[in-house]
Amino acid sequence: VVVGAAQSHVDRIWRSGLTAAPTTAVVGIAGGDYNDAIEVAAEAATLVGFELEGGVKNVARRDGIGTLLLDAVTTIGRMPDHYVQAVGGGPGPIGVWGVAERLAADGRFGGARPRFHLVQNATHHPVHTAWQAGRATLEPGDVPVSGDGAYADVLVNRNPAYALRGGLHDLLVATRGQTYAVAPEAAARWRATFTEVEGIDIMA
């Protein structure tokens, strides 16, 4: 098994023990970013006949992420008014949106859906660019060639699920959502504040 990652991400890969298993090789892509790792994995999967897990098209992945909303409503007793998430490809907010729709239809936690707020890096924000321009599709100029300078480099995705049916554009329309591009300095400041207040590092 070969695990591909951007070279700068290799030390972030979680695994039990200090080393990978003898049957597993962790390969760092020199000068690469998160999106490069996705593309290399796709090519490798094709060569050996593996099927990719599907990303945003994987319903199990979407529902798995959506369980955080289930935890939230059982803790606070109702649907939240707002939902904020940093976004790269989009499975996170799309998964939560799907669970919000089901909870609203159920009615036990209120029928109102939360308003979605999607946040991207100031240096790499194709979703923010397209939404602020009022477009339902991405244009080539919306997507930077590289993720250089991105504070949250794991959000660098050159093919976000924006225009497809049930994707980020539909989500933003349905929830009266908003998008933001956040500079590294502001992200670092609010990261420290969140850690202090909530005891959780949002980048961990």
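Residues numbered from 1 in each chain as written. Predicted model: local features only at pLDDT ≥ 70, side-chain atom pairs only at ≥ 80, totals over all residues. Heavy atoms only, no water.

**Student:** Explain the overall build of the chain here, please?
**Tutor:** When its secondary structure is counted, the chain shows six helices and five strands. Element order for the chain, N to C, with α for helix and β for strand: β-β-α-α-β-α-β-α-α-β-α. For the chain, the proportion of its 204 residues judged to be buried stands at 34%. Considering only contacts within the chain whose residues lie at least 6 apart along the sequence, 67% involve residues at least 24 apart. (Helix = DSSP H or I, 4+ residues; strand = E, 2+ residues; numbered from the N terminus. Buried < 20%, exposed > 50% of the residue type's maximum accessible area, 1.4 Å probe, protein only. Contact = heavy atoms within 4.5 Å.)

**Student:** Would you mind going over the sheet that holds strand β4 (residues 115–121) with me for this structure?
**Tutor:** Strand pairing in a sheet takes place through backbone hydrogen bonds and is either antiparallel or parallel in direction. Pairing within the open sheet is parallel, and its three strands lie in the order β3-β4-β5. Looking along the sheet, the strands with just one partner apiece sit at the ends: β3 (82–86) and β5 (178–182). Within the sheet, the average angular offset between the axes of one strand and its neighbour, ignoring direction, is 20 degrees. (Pairing = 2+ DSSP bridges. Axes fitted to C-alpha atoms, helices over the stretch in contact; angles between N-to-C directions.)

**Student:** Is there a simple way to think about the pattern of salt bridges in this case?
**Tutor:** Working definition: two side chains of opposite charge can pair if their charged atoms are close together. In the structure shown here, the tally under the stated rule is seven salt bridges. The salt bridge involving Arg135 is made with Glu139; its shortest N-O contact spans 3.7 Å. Residue Arg135 is classed as buried on the basis of its relative accessible area, which comes to 18%. Here Asp142 ties to Arg135 by a salt bridge, and the two come within 2.8 Å at their closest N and O atoms. (Salt bridge = Lys/Arg side-chain N within 4 Å of Asp/Glu carboxyl O.)

**Student:** What should I look at first to understand a nonpolar patch on the surface in this one?
**Tutor:** Together, Phe194, Ile200, Ile202 and Met203 make up an exposed nonpolar region whose accessible area comes to about 360 Å². Within the element layout of this structure, Phe194 appears in helix α6 (residues 184–198). Residue classification places Phe194 among the partly exposed positions, given a relative accessible area of 36%. (Patch = residues over 30% accessible without salt bridge, like charges linked within 9 Å, V, L, I, M, F, W, Y side chains within 5 Å. Areas by Shrake-Rupley, 256 points an atom, 1.4 Å probe, with all protein chains shown as cover.)

**Student:** Would you explain helix α3 (residues 91–106) in this entry?
**Tutor:** Count 3.6 residues to each turn of an α-helix, and residues three or four apart come out pointing the same way. The end-to-end C-alpha distance of α3, which contains 16 residues, comes to 23 Å, matching closely the 22 Å that a straight helix rising 1.5 Å per residue would cover. Within α3 the residues assigned to the buried category are Pro91, Gly92, Pro93, Ile94, Gly95, Val96, Trp97, Val99, Ala100, Leu103 and Ala104. Those residues of α3 that are buried are in contact with α2 (59–76), β3, β4 and α5 (168–174). Note on α3: the residue one or two positions beyond its end, Gly107, has a positive phi of about 85 degrees. (Expected span 1.5 Å × (residues − 1).)

**Student:** I tried to follow the packing of α2 against α3 on my own but got confused; where do I start?
**Tutor:** Interhelical geometry of α2 versus α3 gives an angle of 55 degrees and a closest axis separation of 7 Å. Judged by the angle between their axes, α2 and α3 are oblique. Handedness of the crossing formed by α2 with α3: right-handed. On the side of α2, the interface is formed by Arg61, Arg62, Asp63, Ile65, Gly66, Leu68, Leu69, Leu70 and Val73, while α3 contributes Pro91, Gly92, Ile94, Gly95, Val96, Val99, Ala100, Arg102 and Leu103. Tallied by class, residues from the contact of α2 with α3 come to 11 nonpolar, three polar and four charged. (Parallel < 35°, antiparallel > 145°, perpendicular 65-115°, else oblique. Left-handed = near helix turned anticlockwise from the far one by under 90°. Nonpolar A, V, L, I, M, F, W, Y, C, P; charged D, E, K, R; others polar.)

**Student:** What is the right way to look at the side chain of Gln120 in this model?
**Tutor:** Tracing the backbone shows Gln120 in strand β4. Reaching out from Gln120, the side chain makes a polar contact with the backbone nitrogen of Val127 at a distance of 3.0 Å. Other than its neighbours up to four places away in sequence, Gln120 contacts Val87, Gly88, His125, Pro126, Val127, His128, Tyr180, Ala181 and Val182. (Polar contact = N/O pair within 3.5 Å; in protein donor to acceptor, adjacent residues only side chain to side chain.)

**Student:** What am I meant to see in the packing of aromatic side chains here?
**Tutor:** Two measures describe an aromatic ring pair: the distance that separates the ring centres and the angle between the ring planes. Per the stated rule, a full pass over the model turns up one aromatic pair. Where Tyr83 meets Phe116, the ring centres are 5.0 Å apart and the plane angle is 50 degrees; that geometry is what we call tilted. You can see Tyr83 sitting in strand β3 and its partner Phe116 sitting in strand β4, a full 33 residues away along the chain. The buried category is assigned to Phe116, whose relative accessible area is 0%. (Phe/Tyr/Trp six-rings, centres within 6.5 Å; stacked < 30°, edge-to-face > 60°.)

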